[in-house]
Amino acid sequence: MTGATTATEQSDIRAKRGEPLVVLEGVNKHYGDLHVLKDINLTINRGEVVVILGPSGSGKSTLCRTINRLETIENGTIQIDGKELPAEGAGLAKLRADVGMVFQSFNLFAHKTILDNVTLGPIKVRKKSKGDAESRAMELLKRVGVDHQAKKFPAQLSGGQQQRVAIARSLAMEPKVMLFDEPTSALDPEMINEVLDVMAQLAKEGMTMIVVTHEMGFARRAADRVIFMADGEILEQAAPEEFFTNPKSDRAKDFLGKILTH
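Conventions adopted
- Residues numbered from 1 in each chain as written.
- Predicted model: local features only at pLDDT ≥ 70, side-chain atom pairs only at ≥ 80, totals over all residues.
- Heavy atoms only, no water.
- Salt bridge = Lys/Arg side-chain N within 4 Å of Asp/Glu carboxyl O.
- Helix = DSSP H or I, 4+ residues; strand = E, 2+ residues; numbered from the N terminus.
- Buried < 20%, exposed > 50% of the residue type's maximum accessible area, 1.4 Å probe, protein only.
- Core = buried A, V, L, I, M, F, W, Y, C linked by side-chain atoms within 4.5 Å.
- Contact = heavy atoms within 4.5 Å.
- pLDDT = per-residue confidence, 0-100.
- Pairing = 2+ DSSP bridges.
- Axes fitted to C-alpha atoms, helices over the stretch in contact; angles between N-to-C directions.

**Quick notes on the pattern of salt bridges**
Phase 1: Throughout the structure, instances matching the rule amount to 18 salt bridges.
Phase 2: Here aspartate 81 and arginine 46 are joined by a salt bridge, their closest N and O atoms 2.9 Å apart. Of this pair, aspartate 81 sits in the loop between β4 (75–80) and β5 (83–84) while arginine 46 sits in the loop between β2 (34–45) and β3 (49–53); the two residues are 35 residues apart in sequence, bridging distant segments of the chain.
Phase 3: The class of aspartate 81 is partly exposed, set by a relative accessible area of 27%.
Phase 4: Note that lysine 128 and glutamate 174 form a salt bridge whose closest N and O atoms lie 2.8 Å from each other. Residue lysine 128 is found in the loop between α4 (114–124) and α5 (130–143), and its partner glutamate 174 is found in the loop between α6 (159–172) and β7 (177–181); the two are separated by 46 residues along the sequence.

**Details of the nonpolar core**
Within soluble globular proteins, side chains that are nonpolar generally end up buried alongside one another.
Phase 1: Counting 51 residues, the largest nonpolar core has Ile167 and Met209 as the members making the most contacts within it.
Phase 2: At nine residues, the largest contribution of residues to this core is made by helix α7 (residues 189–204).
Phase 3: Once you skip the residues sitting within four places of it in the chain, isoleucine 167 turns out to touch Val102, Met178, Phe180, Val195, Val198, Met199 and Leu202.
Phase 4: Formed by 28 residues, the second largest nonpolar core is a distinct cluster that contains Val27, Phe103, Val177 and Ile227.

**What to know about the confidence of the model for the protein**
Phase 1: Averaged over every residue, the pLDDT of the protein is 89; the share at 70 or more is 92%.
Phase 2: Ignoring residues within four places in sequence, the model shows residues 1–15, a span with pLDDT below 50, making two contacts including any to other chains.

**Structural notes on the side chain of glutamine 161**
Phase 1: Checked against the element boundaries, glutamine 161 lands in helix α6.
Phase 2: The residues touching glutamine 161, leaving out its near neighbours within four places in the chain, are Val146, Gln149 and Glu194.

**Concerning the sheet that holds strand β6 (residues 99–102)**
Strand-to-strand pairing in sheets goes through backbone hydrogen bonds, with the strands running parallel or antiparallel.
Phase 1: Within the open sheet, the six strands sit side by side as β6-β7-β8-β3-β9-β10. Their pairing is mixed. Lying at the two open borders of the sheet, with one neighbouring strand each, are β6 and β10 (233–238). Across the sheet, the mean angle from the axis of one strand to that of its neighbour is 20°, orientation sign disregarded.
Phase 2: The sheet contact formed by β3 and strand β8 (residues 208–212) spans four bridges and is parallel. If you follow isoleucine 52 over to β8, its bridge partner there is valine 212.
Phase 3: Lying over the sheet, α6 contacts β6 and β7, oriented at roughly 170° with respect to β6.

The following block contains the structure:
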């Protein structure tokens, strides 16, 4: 078995790849007097990998967190797969289940085993049987290279392993889109690549991904599009090669000058 998709399946994937999946229109967000998101308009298509770059305080993480309403917005709309994100209630919980999120900190339940961490959501939210959830969890843990750690507790794993478990946990919910909010920033340098490699493989497999990161190599290698933010605004959007070799705005040139010369 090669696992190859048929021509029909491939054309289905291609047909769906272009469809808008996450759509933000006129999104604004304040923290007191600070205007952190200013009239954000952004469409992420199915199967697209979008990396959001920008200096600290530019609004990248806030933007990421509004997409599943971890941050509220004052005005504007956010749609996931054609449905508007409600402010609260059961509808929000349902749509949120379609949006996987991986944070800087791994947010695993310390008192539960790795396997239990990954099966909890599918059993409680997706109403899967324990057997089905465990079988799928083991597949996903194998996919991210930590299936042999299934019976351990989070504290017994390295940071890189914990972050890979967090990715498996998100995937277990069968999300339509995955959000990564600086997923490697809390890791020791030697652990960063093991997490980025898993993310790059997901990108290759067609997972829709929105990634806030400082990892320029990953942005160049895995992104379909780079978005550059500063002061709560999207200043540039371009293919990685275009952005890194020919940035248009002074802010982007300054940002890349500081990052790429160190």
